[in-house]
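What the coordinates show
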Amino acid sequence: MPFDAALIIQIVYLAAAALFVLALKWMSSPGTATRGVYAGEIGMLLAVIGTLLHHGIIDYKWIAIGLVLGSIIGVPLGRVQMTAVPQRTALSHAFGALCVTLVGTAEFFLYTPNVPKSLMAVLALEVILGSLTFTGSLMAAGKLQEILPQRPISYKGQNFVNLGTLAVAIAIGAWLVYNPDQPVLFLLMIALGLVFGVAMIVPIGGADMPTVISLLNSYAGLSAAAMGFVLDSKLLIIAGALDGSSGFILSVIMSKAMNRSFTNVLFGAFGQVQTAAAGAAEERPVHSATPDEAAAILAAANKVVIIPGYGMAVAQAQHKVRELFDTLTRRGVEVTFGIHPVAGRMPGHMNVLLAEADIPYDKLLDMDNVNGEFTQTDVALIIGANDVTNPAARTDAASPIYGMPILDVDKARTVMVIKRGMSPGFAGIDNPLYYFNKTLMLFGDAKAFTGDIVRELSGAGHK
Ligand code: NAP
């Protein structure tokens, strides 16, 4: 039987598409997430192999050069710290979107002046989405890495100017569908897309960047799907659609968890750092405690809920937290974890870290499930979390996080907070919880302080 490359390519693509779908399905639960990552990786490998089998390729030299270059960039990108994953992801979107824009441009120049109408329409969609995602993602990565200022920059009439720029780009795209013999206009459309990408991110504060990145993820997916139509690749259409829809769903989930609407995230100029409020915090008295005192309270408790946050991630305290969980559980204390959907700096941040430390998944309760538990909780132990426990979100209508659903830790009998000082969290605002009578501040690094508590609990004093 002759070697039928076209058939083999279709089978390989089908397997890759199935693996992409399974990867998303499996990644939705911590128990199967690792399998999901492998499925996605194998799917991507199959997609690359299938593409390399194409008859249309006459010279592999440039592909090899691209592969080497891509690996040189990709391998270090894969090794960044967990806390830098959002900006790393933004860079990946930027590269993907640049690639989509360049492929779209090459296709246009291949066909022009005879670009079929339907092709031109998809090409316009592809390059507009690709170009705005490229610069938008670069801006988002720059803000998160703090190379660019995090604070939102806004001016009067900004939304009008921004949306006007996008509208002109779309109008040029529509014009080109009927008059495709105008390469200058095509390039102008891309330039406007690039400008819109920058302008779109400028008014959005650093705190909203992860939501924006997930939205850009969605745009990158849609532009890749459009490229799939241009190149007649079903696999690209499927992968792009999966990427586009999952990115969109994730953005909606994140916006809901912060009680923000999409329009508010995109046009609301949120995330300003309120240094004044943070400064005022220093003067008010708080109750603090030592590891020994904290251990004594925990040892006497029946029910403890641990609330991890960004500080646990920075301190890499998850393994010490696991030791604390083991020590308390051995003593008969009921210990669970309260996970806020936007604790940390990326979706699932806490779940990933706690899974890494082998904490049983059934002990991780999400916000809706744990909030009812706090009234029967002896100790709410907050480890490096701040904004997600801030009662101002419920009580202070003037607070920038007002309306954001939070973990109701203040309903527990005692609240203990491990953090290094009185610095605010990502929203840049003071936390009234720290001044409550029932709150004990445990000042120190999350890893070191948790370790000290474990040592105290294991020592003679609290047996
Ligand atoms: P957070 O509000 O940013 O607070 C983290 C706290 O950790 C800080 O107040 C800091 O205080 C403390 N900390 C830092 N390093 C520490 C260390 N080594 N040891 C002990 N403590 C340390 O964190 P969060 O409560 O997890 O809230 C997440 C924030 O990010 C929210 O505002 C959320 O809206 C935002 N956000 C998250 C996502 C997401 O996907 N997860 C997306 C968008 C926005 P000290 O400096 O005093 O120690």
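Scroll up a little and you will see the structure.
Read on for an overview of the structure. Sequence order as written defines residue numbering, which begins from 1 separately in each chain. Note on the predicted model: pLDDT of at least 70 is required for a residue's local features to be given, and 80 or more for side-chain atom pairs to be given and counted; whole-chain, interface and lining totals, by contrast, use all residues. The side-chain figures draw on all heavy atoms in the structure; neither hydrogens nor water molecules are used.

1. Observations concerning the overall build of the protein chain
- Within the protein chain, the regular secondary structure consists of 18 helices and six strands.
- By its C-alpha atoms, the protein chain is 80 × 65 × 35 Å across when sized along the principal axes.
- Think of it in three bands: residues with accessible area under 20% of the maximum for their type are buried, residues over 50% are exposed, and the middle band is partly exposed, with areas taken using a 1.4 Å probe on protein chains only. For the protein chain, the residues scored as buried account for 47% of the 463 residues in total.
- Working rule for contacts: check all heavy atoms of both residues, and any pair within 4.5 Å makes them a contact. In the protein chain, the proportion of contacts linking residues at least 24 apart, taken out of those at least 6 apart, comes to 77%.
- Where accessible areas are quoted, they stem from the Shrake-Rupley method and a 1.4 Å probe; at the residue level, only the protein chains shown are allowed to cover. With an accessible surface of roughly 22,000 Å², the protein chain has 65% of that area assigned to carbon and sulfur atoms.
- With 29 positive and 32 negative side-chain charges, the protein chain shows a spacing of 1 Å between the two charge centroids. For helices the rule is a DSSP run of H or I covering at least 4 residues; for strands it is a run of E covering at least 2, with both sets numbered from the N terminus onward. Residues counted as positive are Lys and Arg, residues counted as negative are Asp and Glu, and His and the chain ends are not counted. Charge placement uses NZ in Lys and CZ in Arg. For Asp and Glu, CG and CD serve respectively.

2. With respect to the packing of aromatic side chains
- Any pair of Phe, Tyr and Trp rings, taking the six-membered ring for Trp, is counted once the centres come within 6.5 Å. Such a pair is stacked with planes under 30 degrees apart, edge-to-face with planes over 60 apart, and tilted for the rest. Tallied over the full model, the rule gives four aromatic pairs.
- For the pair Phe-108 and Phe-186, a centre-to-centre distance of 3.9 Å together with 5° between the ring planes defines the contact as stacked. With a gap of 78 residues between them, Phe-108 in helix H4 (residues 85-111) and Phe-186 in helix H7 (residues 183-201) connect regions that are remote in the sequence.
- Taking relative accessible area as the criterion, Phe-108 reaches 0% and is therefore assigned buried.
- Lying over the aromatic face of Tyr-435, Arg-284 brings its terminal NZ or CZ to 3.9 Å of the ring centre. Note on criteria: charge over ring means Lys NZ or Arg CZ within 6 Å of the ring centre, with the direction from the centre no more than 35 degrees off the ring normal.

3. Considerations on the site of the ligand
- Nearness here has a simple test: a residue counts as near a molecule or strand if at least one of its heavy atoms is within 4 Å of that partner. Gly-344, Asn-386, Asp-387, Arg-420 and Asp-445 are the nearest of the 30 residues found near the ligand.
- Within 3.5 Å is the distance limit for a polar contact, defined as a pair of N or O atoms, with the added protein rule that one can donate a hydrogen and the other accept it, and that residues adjacent in sequence qualify only through two side-chain atoms. Between Ser-423 and the ligand, the recorded distance is 3.2 Å, taken from a backbone N or O atom to an oxygen atom.
- Contact with the protein chains covers 96% of the free accessible surface of the ligand, which is 920 Å².
- Among the elements that make up the shell around the ligand, the one with the highest residue count is helix H13 (residues 310-315) (three residues).

4. Quick look at the pattern of salt bridges
- When a carboxyl oxygen of Asp or Glu is within 4 Å of a side-chain nitrogen of Lys or Arg, the pair counts as a salt bridge. Counted according to the given criterion, the structure contains 10 salt bridges.
- Linking Asp-408 and Lys-411 is a salt bridge whose minimum nitrogen-to-oxygen distance equals 3.7 Å.
- The class of Asp-408 is buried, set by a relative accessible area of 11%.
- Since its relative accessible area comes to 42%, Lys-411 is described here as partly exposed.

5. What to know about the environment of Asp-292
- When you line up the elements, Asp-292 lands in helix H12 (residues 291-300).
- What makes Asp-292 partly exposed here is its relative accessible area of 38%.
- For the pair Asp-292 and Leu-236, spaced 56 residues apart in sequence, the C-alpha to C-alpha distance is 58 Å.

6. Topic: the side chain of Thr-336
- The residue Thr-336 is located in strand S2 (residues 334-339) in this model.
- With residues up to four places along the chain from it excluded, the contact list for Thr-336 reads Val-304, Val-305, Ile-306, Lys-363 and Leu-365.

7. Quick look at the sheet that holds strand S6 (residues 439-443)
- Here, strands pair whenever DSSP counts at least two bridges between them. Taken together, six strands build an open sheet; the order of strands is S3-S2-S1-S4-S5-S6 and the sheet is parallel. Each edge of the sheet is formed by a strand with only one pairing partner; in this case those strands are strand S3 (364-366) and S6. This sheet shows a mean twist of 25° between the axes of neighbouring strands, independent of strand direction.
- An axis is simply a line fitted to the C-alpha atoms; with a helix, the fit covers only the stretch in contact. Between two such axes, the angle follows the N-to-C directions and lies from 0 to 180 degrees. Across the sheet, helix H14 (residues 318-330) is in contact with strand S1 (303-308), S2 and strand S4 (379-383); its angle to S2 comes to roughly 145°.

8. A few points about H4
- Here, expected helix span is obtained from the residue count minus one, scaled by 1.5 Å. With 27 residues, H4 should cover 39 Å at 1.5 Å per step; its first-to-last C-alpha distance of 39 Å lies within 8% of that length.
- What H4 keeps buried is the set Pro-86, Gln-87, Ala-90, His-93, Ala-94, Ala-97, Val-100, Thr-101, Gly-104, Thr-105, Glu-107 and Phe-108.
- Turning to H4, the residues buried within the fold contact helix H5 (117-144), H7 and helix H8 (209-230).

9. Re helix H9 (residues 234-257)
- For H9, which comprises 24 residues, the first-to-last C-alpha distance of 35 Å matches the rise-based estimate of 34 Å (1.5 Å per residue) to within 8%.
- For H9, the full list of buried residues reads Leu-235, Gly-240, Gly-244, Gly-247, Ser-251, Met-254, Ser-255 and Ala-257.
- Looking at the residues trailing H9, positive phi occurs at Asn-259, about 55°.

10. Some thoughts on unusual backbone geometry
- Here the residue pair Thr-112 and Pro-113 is connected by a cis peptide bond, since its omega of 10° sits within 30 degrees of zero.
- By secondary structure assignment, the location of Pro-113 is in the loop between H4 and H5.
- Phi is positive for Gln-316, close to 55°, though the residue is something other than glycine.
- Along the polypeptide, Gln-316 turns up in the loop between H13 and H14.

11. Describing the environment of Ser-71
- With respect to the helices, strands and loops of the structure, Ser-71 is situated in helix H3 (residues 61-78).
- Distance in space between the C-alpha atoms of Ser-71 and Val-198 is 28 Å, their sequence separation being 127 residues.

12. Some details on the packing of H4 against H7
- Between H4 and H7, whose axes approach to 11 Å, the crossing angle comes to 170°. Between H4 and H7, the interaxial angle falls into the category roughly antiparallel. Residue-level inspection shows Thr-101, Gly-104, Thr-105, Phe-108 and Phe-109 of H4 in contact with H7, the latter providing Pro-183, Phe-186, Leu-187 and Ile-190.
- Under the grouping applied here, Gly and all other residues not named as nonpolar or charged are polar, the nonpolar ones being Ala, Val, Leu, Ile, Met, Phe, Trp, Tyr, Cys and Pro and the charged ones Asp, Glu, Lys and Arg. The residue makeup of the contact of H4 with H7, split by class, is six nonpolar, three polar and no charged. Comment on the angle field: the value is read as roughly parallel under 35 degrees, roughly antiparallel over 145, roughly perpendicular from 65 to 115, and oblique elsewhere.

13. What to know about the pairing of S2
- Among the six residues of S2, five are classified as buried, and the element is accordingly described as predominantly covered.
- By the bridge criterion, four bridges tie S1 to S2 in an arrangement that is parallel. Across the sheet, the residue bridging to Lys-303 is Glu-334, located in S2.
- In this sheet, S3 lies alongside S2 in parallel orientation, the contact comprising three bridges.

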